[in-house]
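Chain and residue survey
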Amino acid sequence: MVRRGPAGILAALLVCAVLAGCTSDAEVGSTRVTVMVSGDPAEIDAYRAVVAGFNDSQDDVEAALLPFAERDELIARLSTSIAGGEPPDLFLMNYRYYGQFAARGALEPVGPYLEESSAFAEEDFFGSAMTPFRWDGEQLCLPQNVSSLVVYHNADLFRSAGLDPPSAGWTWDDMVASAEELTSDRDGDGSAEVHGLGVDPEIIRIAPLIWSNGGTLVDDEGSPTRFAFDPPAIEAIQRFLTLRTAGITPTDEEAEAEDLESRFLHGRLAMLMESRRVVPTLRTITDFAWDVATLPPMDVPVSVLHSDAYCITAASDAKDAAWRYLEFALGPEGQRIAAASGRTVPSLRSVADSDAFLDPEAGPAHGEVFLEQVPTLRAVPVISTWPEIEDIANALLEEAYYGGGRALEVALEITAATREAFARAD
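In this text, all values refer to a predicted model and were calculated from it rather than measured experimentally.

A cluster of like negative charges, contributed by Glu 253, Glu 256, Glu 398, Glu 399, Glu 409 and Glu 413, occupies part of the molecular surface. Mapped by element, the contributors of at least two residues to the negative patch are helix H12 (252–257), helix H20 (386–403) and helix H21 (407–423). In this structure Glu 256 comes out as exposed when scored by relative accessible area, which is 61%.

In total, this model carries one disulfide according to the counting rule given. At a sulfur-sulfur separation of 2.1 Å, the disulfide partner of Cys 141 is Cys 311. Judged by the sign of its S-S torsion, about 105 degrees, the bond between Cys 141 and Cys 311 is right-handed. With Cys 141 in strand E7 (residues 141–143) and Cys 311 in strand E13 (residues 308–313), the pair connects residues that are 170 residues apart, well separated along the chain. Each member of the pair, Cys 141 as well as Cys 311, is classed as buried.

Burial analysis of strand E11 (residues 290–294) places five of its five residues in the buried class, which makes it a mostly covered element. Pairing geometry for strand E9 (residues 150–154) and E11, over five bridges, is antiparallel. Note that in E11 the partner of Asn 154 across the bridge is Trp 290.

Between helix H3 (residues 41–57) and helix H16 (residues 332–340), whose axes approach to 9 Å, the crossing angle comes to 150 degrees. Taken together, the axes of H3 and H16 lie roughly antiparallel to each other. The chirality of how H3 crosses H16 is right-handed. Of the residues in H16, those in contact with Ala 49, Val 50 and Gly 53 of H3 are Gly 334, Ile 337 and Ala 338. Split into classes, the residues belonging to the contact of H3 with H16 amount to four nonpolar, two polar and no charged.

A word on H20. Taking 1.5 Å per residue as the helical rise, H20 with its 18 residues ought to reach 26 Å, and the 25 Å between its terminal C-alpha atoms agrees with that figure. On its buried face, H20 is in contact with helix H5 (99–102), helix H10 (203–212), helix H11 (231–245) and H21. One or two residues past the end of H20 sits Gly 404, with phi positive at roughly 75 degrees.

Under the 1.5 Å per step criterion, the end-to-end length of H3 is 24 Å for 17 residues, consistent within 8% with the ideal 24 Å. Where H3 is concerned, the buried positions are Glu 43, Ile 44, Ala 46, Tyr 47, Val 50, Val 51, Gly 53, Phe 54 and Asn 55.

Criteria and thresholds
- Each chain has its residues counted from 1, following the order in which its sequence is written.
- Local features in this predicted model are restricted to residues whose pLDDT is 70 or higher, and side-chain atom pairs enter the listing and the counts only when it is 80 or higher, whereas totals over whole chains, interfaces and linings include all residues.
- Only hydrogens and water are removed before side-chain values are computed, so all heavy atoms of the structure are retained for them.
- Like-charged residues within 9 Å of one another, or nonpolar side chains (Val, Leu, Ile, Met, Phe, Trp, Tyr) within 5 Å, are grouped into patches, provided each residue has over 30% relative accessible area and no salt bridge.
- Surface exposure here means Shrake-Rupley accessible area, sampled with a 1.4 Å probe, where a residue is shielded only by the protein chains that are shown.
- Think of a salt bridge as a Lys or Arg side-chain nitrogen and an Asp or Glu carboxyl oxygen that are within 4 Å of each other.
- Only four residue types enter the charge count, namely Lys and Arg as positive and Asp and Glu as negative; His and the chain termini do not.
- By convention, the point assigned to a charge is CZ for Arg, NZ for Lys, CD for Glu and CG for Asp.
- Only DSSP runs of H or I reaching four residues or more are called helices, and only runs of E reaching two or more are called strands; each is numbered from the N terminus.
- A simple rule labels every residue: compare its accessible area, found with a 1.4 Å probe on the protein chains alone, to the largest value its type can have, and call it buried under 20%, exposed over 50%, or partly exposed in between.
- Disulfides are defined in this document as cysteine sulfur pairs within 2.5 Å.
- When DSSP finds at least two bridges between two strands, those strands are taken to pair.
- Helix axes use the C-alpha atoms of the stretch in contact, all axes being lines fitted to C-alpha atoms, and the angles between their N-to-C directions lie in the range 0 to 180 degrees.
- Any angle that is under 35 degrees is reported as roughly parallel, and any over 145 degrees as roughly antiparallel; angles of 65 to 115 degrees are reported as roughly perpendicular and all others as oblique.
- By definition, turning the near helix anticlockwise from the far helix through less than a right angle yields a left-handed crossing, and turning it clockwise yields a right-handed one.
- Contact definition: two residues touch when any of their heavy atoms are within 4.5 Å.
- Gly counts as polar in this scheme, as do all residues outside two lists: the nonpolar Ala, Val, Leu, Ile, Met, Phe, Trp, Tyr, Cys and Pro, and the charged Asp, Glu, Lys and Arg.
- What a helix is expected to span follows from its residue count: subtract one and scale by 1.5 Å.

In short, shape yes, function no, at least from these values alone.
Structure representation (structure tokens):
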């Protein structure tokens, strides 16, 4: 249904003003659907391509992208637009952050739409990506991707060092040993020109290591009330902190001067622990060969879910049209468009198993690694205050990582500092 009130008309005009290529002719006789997303330029280009594909596919719904460079900016704008009664019709958000909106009742459940859809069914999607977007038993949002934490590696640096590249069955100790061999101070000034590994000291990076080592992250994964770091978790955290004290990862000053992604791009980092989101940028590399490997386990193979979903806002006055867009974006055609960008591991099984995603010529050569990890995926808690909990924990982890802290002490600090945020969670 087209918005006809003064506020709706003003909102449409403002959207038109900021979107390239928006014309009044496109709006005539069509329902406008606004889609809010965030990401780096390569990610935004992928979302623009999906919007363009949808708009070219039919004439009665016109989708318009509302892009933001930073996730925090999107969350702030989404919060104020919902409070002001003029939210976007759709937004794309990671499962770690949507709980604050679910707890407010700001989302329209997609479950009923999914049950009636002729485009796809629930079983067509990877269950590990669907589950975190269920709230109080309802499917609130529908995932576009089922990514995981992996290790990208510079194959040329491995070859020059006489090392075999990462392969199936490698372990955490194998990765550390390779990183030690690949870290080099070529001019002998005490500062490494190439580091063996780059990884951010964050809960989303440490969680799968804790699980792999047989440890616990929180006291109740369904309704957590606190972090519950047991001895295996403490051991995993200590092994992670040792990466920095061993000198195989960049120092705080070096990481501030040049981020890890840039270091990898310029051949100054042999391995990078990241999710799928960096692939569009890595595809610009022309100076060396690169590939991807599974996250090496400390004990049991485990990785952590990275998944974003489209959510329909409860206050949208174009819900049916929003679902039309969602059906296209997450159907075979839209998922193929997004997969071609390199940004996503498609949540739709049929596209994930196709050349649209697995084409080795596009890079990485071993994209099947992402699908091999799907059965091992676990999610961090989905609660309303998780973003705040992550921010507190990450700040303390960063301080310990770069400052030579001990695992037990930082675990106790994190547990104490986040207890109040857990208590406020829905």
